[in-house]
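Each chain, letter by letter, is given below.
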Amino acid sequence: MDYKKLRDTRNSSNPFAQRLGIFVEEIGPGYARAVKDITAEDANPVGVAHGGCYFSLADTACGSAMASHGYYAVTVNASYNFLRSAKLGDHLVAEARETKPGRTLCFYEVEIRDQAGTLLGNGSITFYKLDREIPL
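Residues numbered from 1 in each chain as written. Predicted model: local features only at pLDDT ≥ 70, side-chain atom pairs only at ≥ 80, totals over all residues. Heavy atoms only, no water.

Regarding a nonpolar patch on the surface
- A cluster of nonpolar residues, Val 74, Val 76, Leu 105 and Tyr 128, forms a patch on the protein surface that exposes about 320 Å² of accessible area.
- In this fold, Val 76 is placed in strand S3 (residues 71-82).
- A relative accessible area of 47% places Val 76 in the partly exposed class. (Patch = residues over 30% accessible without salt bridge, like charges linked within 9 Å, V, L, I, M, F, W, Y side chains within 5 Å. Areas by Shrake-Rupley, 256 points an atom, 1.4 Å probe, with all protein chains shown as cover. Salt bridge = Lys/Arg side-chain N within 4 Å of Asp/Glu carboxyl O. Helix = DSSP H or I, 4+ residues; strand = E, 2+ residues; numbered from the N terminus. Buried < 20%, exposed > 50% of the residue type's maximum accessible area, 1.4 Å probe, protein only.)

Some details on the packing of aromatic side chains
- Counted according to the given criterion, the structure contains 4 aromatic pairs.
- Measuring from centroid to centroid gives 4.8 Å for Tyr 80 and Phe 82, while their planes differ by 70°, and the two rings are edge-to-face.
- Between the aromatic rings of Tyr 108 and Phe 127, the centroid separation amounts to 5.7 Å while the plane-to-plane angle is 80°, which identifies the pairing as edge-to-face. Remark: Phe 127 occurs in strand S6 (residues 119-133) and Tyr 108 occurs in strand S5 (residues 105-113); sequence separation between them is 19 residues. When sorted by exposure, Tyr 108 lands in the same class as Phe 127, which is buried.
- Connected via pairs of aromatic rings, a cluster forms that spans Tyr 54, Tyr 80 and Phe 82.
- For the cation-ring pair, Lys 129 lies above Tyr 71, with the distance from its terminal atom to the ring centre recorded as 5.1 Å. (Phe/Tyr/Trp six-rings, centres within 6.5 Å; stacked < 30°, edge-to-face > 60°. Lys NZ or Arg CZ within 6 Å of the ring centre and 35° of its normal.)

In structure tokens form, the structure reads like this:
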């Protein structure tokens, strides 16, 4: 698997992540790291990052780790724990790791931290692996 090419493909073929400013930095076997900078457009009415920012970043990181096996997949279940809020200007890093590969259902854990390494949240995401290879 050419992980650099897969990373580039994931970044160029995900208009939703592009609109949110989410970028996949690294993909390896059962692993991915994605990042996002929190801007004024990401704020909720309280003035901190909207929960959808964290969830979308977590789903993108886990989906990219799932893609490391060369197949498309769809999210079937997700749980995310919001532990702390990011502030405007913060740089978020999501690291996703495979916890159990499967023939059809695959399980991943994710942590999101800020630029200081403070844990902002964590979660678990389950994917259904499609019988469709990712062309590179």
